[in-house]
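What the coordinates show
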Amino acid sequence: QVQLVESGGGLVQPGGSLRLSCTASGNIFSINAMAWYRQAPGKQRELVAHISSGGSTNYVNSVKGRFSISRDNAKNTVYLKLTNLKPEDTAVYYCNAEIRVSGVHYSMSYWGKGTLVTVSS
């Protein structure tokens, strides 16, 4: 059984910063790509940032230059640093990871339950 648990969300003023964390636990053999998605009220879930097992990163255009994704492989953790936050960044942020479980020869996609980020004055 694999679990992804996010933390770090909260209420922040426009222009503020937050750091989200997501840690994977369980019978993990390896973790490939990791990513952060978000879903605003009434909107579809969108990919915000992606990081490969080798550390290559990609971002949706709306967060480039403001958000930064990183990972600590020793801790099975992915981070998302959010800076210069805007009201339109308000959403539930979800962690996603491609994980190979011990004893299995393929990876599966796992999701966390999400952490709410609210940007408001």
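Here, every reference points to the structure presented above.
Residues numbered from 1 in each chain as written. Predicted model: local features only at pLDDT ≥ 70, side-chain atom pairs only at ≥ 80, totals over all residues. Heavy atoms only, no water.

This part covers the sheet that holds strand β1 (residues 2-7). Judged by pairing direction, the sheet is antiparallel, and its four strands sit side by side in the order β1-β3-β8-β7 without closing on themselves. Each edge of the open sheet is held by one strand with a lone partner, namely β1 and β7 (67-72). For this sheet, the mean inter-axis angle between neighbouring strands, taken without regard to orientation, is 15°. Taken together, the six bridges between strand β3 (residues 18-26) and strand β8 (residues 77-82) define a ladder with antiparallel strand orientation. Paired with Cys22 across the bridge in β8 is Val78. (Pairing = 2+ DSSP bridges. Helix = DSSP H or I, 4+ residues; strand = E, 2+ residues; numbered from the N terminus. Axes fitted to C-alpha atoms, helices over the stretch in contact; angles between N-to-C directions.)

Here Arg19 is to be found in strand β3. The exposure class of Arg19 is partly exposed, given its relative accessible area of 48%. In the structure, Arg19 is positioned 61 residues away from Leu80 in sequence and 5.7 Å away in space, judged by C-alpha atoms. If we ignore the near neighbours within four places in the chain, the residues touching Arg19 are Ser7, Gly8, Tyr79, Leu80 and Lys81. (Buried < 20%, exposed > 50% of the residue type's maximum accessible area, 1.4 Å probe, protein only. Contact = heavy atoms within 4.5 Å.)

By the alternation rule, side chains of strand β11 (residues 115-119) split into Thr115, Val117 and Val119, which are all buried, and Leu116 and Thr118, of which none is buried. The pairing of strand β9 (residues 91-101) with β11 spans three bridges and is antiparallel. Bridge pairing in β11 places Val92 opposite Leu116.

Take Glu6: it is sitting in strand β1. Put simply, Glu6 is tucked away with no salt bridge, and the nearest opposite charge, on Arg45, sits 7.6 Å away. From its side chain, Glu6 meets the backbone nitrogen of Cys95 in a polar contact 2.8 Å long. Non-local contacts of Glu6, meaning those with residues more than four positions away in its chain, are made with Ser21, Cys22, Trp36, Tyr93, Tyr94, Cys95, Gly112, Lys113, Gly114 and Thr115. (Lys, Arg positive; Asp, Glu negative; His and termini not counted. Salt bridge = Lys/Arg side-chain N within 4 Å of Asp/Glu carboxyl O. Polar contact = N/O pair within 3.5 Å; in protein donor to acceptor, adjacent residues only side chain to side chain.)

Now for the packing of aromatic side chains. Per the counting criterion, the structure on display carries one aromatic pair. In this arrangement the basic side chain of Arg45 is found over the ring face of Tyr94, its NZ or CZ atom lying 3.7 Å from the centre. The ring centre of Trp111 lies 4.8 Å from the NZ or CZ of Arg45, which sits over that ring. (Phe/Tyr/Trp six-rings, centres within 6.5 Å; stacked < 30°, edge-to-face > 60°. Lys NZ or Arg CZ within 6 Å of the ring centre and 35° of its normal.)

Here the structure, examined in full by the defined rule, presents three salt bridges. Here Glu46 and Arg38 are joined by a salt bridge, their closest N and O atoms 2.7 Å apart. On the accessibility criterion, Glu46 (30% relative accessible area) is partly exposed. On the accessibility criterion, Arg38 (7% relative accessible area) is buried. Note that Asp89 and Arg38 form a salt bridge whose closest N and O atoms lie 3.0 Å from each other. Taken together, the positions of Asp89 in the loop between β8 and β9 and Arg38 in strand β4 (residues 28-39) put the pair 51 residues apart, joining distant regions of the chain. The exposure classification of Asp89 matches that of Arg38, with both residues buried. Residues participating in the shared-partner salt-bridge network are Arg38, Glu46, Arg66 and Asp89.

Everything listed here is a matter of geometry and, on its own, says nothing about what the molecule does.
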